[in-house]
Amino acid sequence: MSIHFSIHFITKWGESLTLLLRFINSDGIISEHTKEMFCDAGFIWKADLRLSPEVELIEYQYELKNTEATVVRESGDYRKLPIPTHKKDIRIVDSWRSPNGDSAFGSLVFRDCYFKRDIANDTYTDALPADASLVLQVHCLQVESHRHFAIVGNQECLGNWDVTKKVRLTGENFPLWSVGLSVDEIKFPLEYKYLLVDTATDEVLAWGGGPNRVLQTADKKSLTVVTDEHFLRTIAPWRAAGVAIPVFSLRSKKSFGIGEFYDLKLMTDWAVCTGQKMIQTLPINDTILYHSNYDSYPYNAVSVYALHPVYLNLEAVGKLKDPGRKAYFTARKKEFNAKTFADYQVVMDAKWEYLKEVYAESGAKVFKSEEFCLFFDKNKEWLVPYAVFSFLRDKFGTPEFHTWPEYSVYNRENVDVLASVSSESYYDIAFFYFLQYHLDKQLSEVHDYARSRGICIKGDIPIGVSPRSVDAWMNPEMFNTSMQAGAPPDDFSETGQNWGFPTYNWERMEQDNYLWWKNRFKKLAEYFDAYRIDHILGFFRIWEIPQDAVWGLTGTFNPSLPFTISELEAKGLRWEEDRFLKPYLQEHVLQAVFGQYYDEAVRVYFEKDGWQRYKFKEKFNTQRKVEHHFTSLGYNFSTKDVLIRDGLYKLHCEVLFLRDARQPDRFHPRISMHSSATFRDLSESMRRTLDSIYVDYFYHRHNEFWKKQALKKLPALLSATNMLVCGEDLGMVPDSVPEVMRQLEILSLEIQRMPKKPHHEFAMPCDAPYLSVCTTSTHDMNPVRAWWLEDHTITQRFYNRALGLQGPAPEKCEPWIAERIVNQHLESPSMLIILPWQDWMAIDEKYAHENPLSERINVPSNPRNFWCYRMHIYLEDLVKATDINQHILQLITANGRL
């Protein structure tokens, strides 16, 4: 058997193509090979193979090697070539497979949900003719399940361009659409086009754009397989709408005071009756640290694998035998469901009580079941350490594992002994197996139900993990625990954000090709078909804050390219270490910060350091020490206390440069230095010099460097699963971020109130790219009605400029305004419009919450935010609300998103 590969690819001098091959025989044994290709006339790259008779299938892919010795593979999975028995010579004619804006359609959500093809009941079953000598096929992912491909051309066997005689292609090997022909019936050159056809009506919906495709010749003694790429769709692309709401915010009559996984079934039903296709959630991992409301923060994961027990439906776990206890919990359920908010810890305590009791009654039986044994064997690598960690946290009363008298350092042998069936602690440890088994069972059931109804549930990958997590306990080498992750100042917080997570040791993670991340993504894929990468900028660089800092202003980017003193001096800066690195605590600065409390502040917190100059007393010389001091006063801060505390924080940031933590002879300009007193007091020429350095550092110096960092990590991570990928690309976005996201075809996030174009106050949804998720607001912002009340001068400009309306803006965001905003988004080119549930309800006064200010989920500048928002309508009633549901359906339908 001879196979001759050819592909047209225009290379530059020094570049070459390689063929990556996998030979698979009848026993399923795979052997891998590479074949260097040679370039013929007209940039046709070729390679010839001789195959042994045992090979039944070849998988192959093309790879480009450039002059820098780096390699680029064509996109997608390996191509598949079944070896035919009727021909001994095969000629392959390929085109380079590159991203064409359609890679999203190869993801699970389209393959197994939106575009799922009912192959078993497909009335068209024509396979390729066994004696075909020519196969024409097109690779196309964006084909809805009620459509198929056909072909017409300049030959009688292809209808002579008559669409009534078009030939249907088989989608048996989707996303390849193929037809088998006989070379004897063709007079070359062959010209042809692919057609997109409605299966029910046989109507041609679109001819492929561009010039006719041409095949000059083919040998009837061989089997020639021509694979075409990039069907140019000349009709509107697929678009849809969805809803965003945290699981804890759901409300049903069957849940126990807080949203539960099973409530997602009702939300699925509502999505179906309103014509929506996606439900976007917040992270659902276990966050239990202190058994307090602090644990309501969904981004502070204790484990990147374990699910949060608060989302369990109690009766589905098991029913209690004692009638008195059943009546008690029924009363508690009624009490909690009457509340306007999710009373996290009170609900969690009651659920914990119930789960302990049902565990005592049914745990042993569950552990003997085949389903549990399969679950345990599949998940034990993370489940056992997680259960032991949770047991030790509760036993010692703290998640601060460094302080535990035993097991403070993870040791697998010791953990396995502690978790063994013969251990005295086994019963308490196995309780966490019991919980995770039921969580997995319930969420998997929800996932299957949503898919069966054509709805995708979209998950959320937090950028960080808790420093008090089982992951940090097990794998401390993966994290920089001496630093904290956060974000530089932005629209959410003028002082930056400090999330308190350790940053990642990417150098260590790279050593095993990011296995920790890949396993994390694979676990998420068990429950979701799409996901949002929280703070995707963190894969380019992370904002890293020292452990002794509270605010984010004294952070630096990592990785980064800090300046040497010689570089700074070459840019015209005369280096003054004390002036640039020490807090600028001049008398007039302190007076401006503390005002009437100046004398008291100086007396308590500072000491003299020269003429009209001060320094912090040692017990207050870091922000953490200041924080500890004020925390020790209790939580009843006076206005004066807050002013002095924040003033001290601010003064700790009165520096112009920060010393690099890893290279102490290099320095970073301090973010937002222009608003500092130390900058204002410089000479004008010095300010101009610093401004030039600042602009270079934050907007130019790192672009290519950060691009390379992202392209090392993201492709490896994304390849771990076949989920649809969306990136949260908000904040201080380097120029390289949009470029990389376009290259990898990751959907961006577009928000009208957070424009990405400089010098624009509002973004216009009509300008959003197709590969994006467009929305009115996020969980970190006020929904539209509450935002309307924030600042009337801003809403007035929005009313006139963004909405194009004349005259004074109404005091409130009335339903017709909310509908206009929603409609703007639905008209957008974006693939997905995912709106907060609150903003959907805003279009109808009957269903909108009476108090818009109660609908916000998170305030990013408050690290102690209580995440307790709960929808004010029962899902059972929402599904029956025909008036608003039909209204939403009409809006979605009118905008071509159904």
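Residues numbered from 1 in each chain as written. Predicted model: local features only at pLDDT ≥ 70, side-chain atom pairs only at ≥ 80, totals over all residues. Heavy atoms only, no water.

(A) Region of the structure containing the overall build of the chain. Looking only at helices and strands, the chain has 27 helices and 35 strands in total. In terms of overall dimensions, the chain is globule-like: its C-alpha atoms have a radius of gyration of 31 Å, near the 29 Å expected for 898 residues. In terms of overall dimensions, the chain has C-alpha extents of about 100 × 80 × 70 Å along its principal axes. Considering only intrachain contacts with a sequence separation of at least 6, the fraction spanning at least 24 residues in the chain is 73%. Summed over its atoms, the accessible surface of the chain is roughly 39,300 Å², and 51% of this surface lies on carbon and sulfur atoms. Side-chain charges in the chain split into 103 positive and 120 negative, and the spacing between the mean points of these groups amounts to 1 Å. (Helix = DSSP H or I, 4+ residues; strand = E, 2+ residues; numbered from the N terminus. Rg over C-alpha atoms; globule rule 2.2 N^0.38 Å. Contact = heavy atoms within 4.5 Å. Areas by Shrake-Rupley, 256 points an atom, 1.4 Å probe, with all protein chains shown as cover. Lys, Arg positive; Asp, Glu negative; His and termini not counted. Charge placed at Lys NZ, Arg CZ, Asp CG, Glu CD.)

(B) Highlighting the sheet that holds strand 10 (residues 134-139). Read from one edge to the other, the open sheet built from 8 strands follows the order 4-5-1-9-18-10-14-13, with strand pairing classed as mixed. One side of each edge strand has no neighbouring strand; the edge strands of this open sheet are strand 4 (38-40) and strand 13 (170-173). Each adjacent strand pair in this sheet contributes to an overall mean axis angle of 30 degrees, direction not counted. (Pairing = 2+ DSSP bridges. Axes fitted to C-alpha atoms, helices over the stretch in contact; angles between N-to-C directions.)

(C) Seen up close, the packing of aromatic side chains. Considering all chains together, one arrives at 80 aromatic pairs under this definition. With a centroid separation of 5.7 Å and an interplanar angle of 40 degrees, the aromatic rings of F479 and Y504 are classed as tilted. Here Y504 lies in strand 23 (residues 497-504) and F479 lies in strand 22 (residues 479-487), a separation of 25 residues in the sequence. Across the pair, Y504 and F479 agree in class, each one buried. Between the NZ or CZ atom of K265 and the centre of the ring of Y262, over which it lies, the distance is 4.9 Å. (Phe/Tyr/Trp six-rings, centres within 6.5 Å; stacked < 30°, edge-to-face > 60°. Buried < 20%, exposed > 50% of the residue type's maximum accessible area, 1.4 Å probe, protein only. Lys NZ or Arg CZ within 6 Å of the ring centre and 35° of its normal.)

(D) Examining helix 15 (residues 598-605) more closely. Listing the buried residues of helix 15 in full gives Y598, A601, V602 and Y605. Buried residues of helix 15, seen end-on, are gathered within an arc of 100 degrees and therefore sit on one face of the element. Residues D599 and R603 are exposed on helix 15 and point more than 90 degrees away from its buried face. Looking at the buried side of helix 15, the elements it contacts are helix 14 (587-594), strand 28 (606-608), strand 29 (614-616), helix 16 (623-631) and helix 17 (639-652). (Arc of directions from axis to C-beta.)

(E) Expanded view of helix 24 (residues 815-826). The first and last C-alpha atoms of helix 24 sit 16 Å apart over 12 residues, in line with the 16 Å expected at 1.5 Å per residue. The complete set of buried residues in helix 24 reads I817, A818, I821, V822, Q824, H825 and L826. (Expected span 1.5 Å × (residues − 1).)

(F) Representation of the pairing of strand 2 (residues 16-25) in the model. Summarising burial for strand 2: 7 of the 10 residues are buried, a large majority. The sheet contact formed by strand 2 and strand 6 (residues 55-65) spans 10 bridges and is antiparallel. Bridge pairing links L17 to L64 in strand 6. Pairing geometry for strand 2 and strand 3 (residues 30-36), over 7 bridges, is antiparallel. Bridge pairing in strand 3 places L20 opposite T34. The hairpin formed by strand 2 and strand 3 contains 4 residues between the paired strands, and G28 there has a positive phi angle of roughly 80 degrees.

(G) The environment of A130, seen in detail. Take A130: it is sitting in the loop between helix 1 (108-114) and strand 10. Judged by relative accessible area, which is 64%, A130 ranks as exposed. Between the alpha carbons of A130 and L20 there is a distance of 27 Å; along the sequence they are 110 residues apart.

(H) Representation of unusual backbone geometry within the structure. Residue P189 is bonded to the preceding F188 through a cis peptide linkage, with omega at 5 degrees. Inspection of the secondary structure assignment puts P189 in the loop between strand 14 (176-181) and strand 15 (190-198). Cis geometry marks the peptide bond from N558 to P559, where omega comes out at 0 degrees. Take P559: it is sitting in the loop between strand 26 (556-558) and strand 27 (563-564). Phi angles above zero are rare outside glycine, and Y407 is one such case at about 65 degrees. Its location among the elements puts Y407 in the loop between helix 6 (370-396) and helix 7 (412-418). Given the relative accessible area of 24%, Y407 is considered partly exposed. Positive phi outside glycine occurs at S672, with the angle close to 60 degrees.

(I) Layout of the sheet that holds strand 31 (residues 666-669). Pairing within the open sheet is antiparallel, and its 3 strands lie in the order 27-31-30. What marks the edges here is a single partner per strand, and that holds for strand 27 and strand 30 (657-659). Strand direction decides the pairing type here: strand 30 and strand 31, joined by 3 bridges, are antiparallel. Each residue of the ladder has a partner; that of L658, found in strand 31, is H668. Across the sheet, helix 19 (residues 684-699) is in contact with strand 27, strand 30 and strand 31; its angle to strand 31 comes to roughly 95 degrees.

(J) Seen up close, the nonpolar core. Within the largest apolar cluster, 205 residues are counted, with the highest numbers of intra-cluster contacts made by Y433, W517, W837 and W840. Core analysis: the second largest hydrophobic core is formed by 29 residues, F105, F492, L747 and L832 among them. (Core = buried A, V, L, I, M, F, W, Y, C linked by side-chain atoms within 4.5 Å.)

(K) Structural context of the pattern of salt bridges. For the structure on display, the rule yields 59 salt bridges. A salt bridge links R22 to E32, with the nearest nitrogen and oxygen atoms 3.8 Å apart. One end of the pair, R22, is in strand 2; the other, E32, is in strand 3, and 10 residues separate them in sequence. In this structure, the salt-bridge partner of R508 is D512, at a minimum N-O distance of 3.7 Å. For R508, a relative accessible area of 22% gives the class partly exposed. When salt bridges with common partners are traced through the structure, they connect E74, R79, D94, R97 and E229 into a single cluster. (Salt bridge = Lys/Arg side-chain N within 4 Å of Asp/Glu carboxyl O.)

(L) Examining the side chain of T556 more closely. By the secondary structure assignment, T556 is in strand 26. Given the relative accessible area of 12%, T556 is considered buried. The residues touching T556, leaving out its near neighbours within four places in the chain, are I542, W543, E544, L658 and H668.

(M) Structural detail: the packing of helix 14 against helix 15. Running from amino to carboxyl end, helix 14 crosses helix 15 at an angle of 120 degrees, the nearest separation of the two axes being 9 Å. Remark: the crossing between helix 14 and helix 15 carries right-handed chirality. In contact with E587, L590, Q591 and F594 of helix 14, helix 15 contributes Y598, A601 and V602. Along the lines of polarity and charge, the residues of the contact of helix 14 with helix 15 split into 5 nonpolar, 1 polar and 1 charged. (Left-handed = near helix turned anticlockwise from the far one by under 90°. Nonpolar A, V, L, I, M, F, W, Y, C, P; charged D, E, K, R; others polar.)

(N) Inspection of the packing of helix 20 (residues 703-718) against helix 21 (residues 736-744) at higher detail. Contact pair helix 20 / helix 21: the axes reach a minimum separation of 10 Å and the direction vectors enclose 30 degrees. In terms of orientation, helix 20 lies roughly parallel with respect to helix 21. When you trace helix 20 past helix 21, the crossing you get is right-handed. Contacts between helix 20 and helix 21 involve N703, W706, K707, A710, L711, L714, P715 and L718 on the former and, on the latter, S736, E739, V740, Q743 and L744. Tallied by class, the residues present in the contact of helix 20 with helix 21 amount to 8 nonpolar, 3 polar and 2 charged. (Parallel < 35°, antiparallel > 145°, perpendicular 65-115°, else oblique.)

(O) Summary view of the state of the cysteines. For the structure shown, the criterion picks out 0 disulfides. Free of any disulfide, C113 has its nearest cysteine sulfur in C456, 6.4 Å distant. (Disulfide = S-S within 2.5 Å.)

(P) Spotlight on the side chain of R520. Looking at the secondary structure, you find R520 in helix 11 (residues 515-524). One buried charged residue, R520, remains without a salt bridge, the closest side chain of opposite sign being D471 at 7.3 Å. If near-sequence neighbours (up to four positions away) are discounted, R520 is found in contact with V304, Y305, I461, P462, G464 and Y504.

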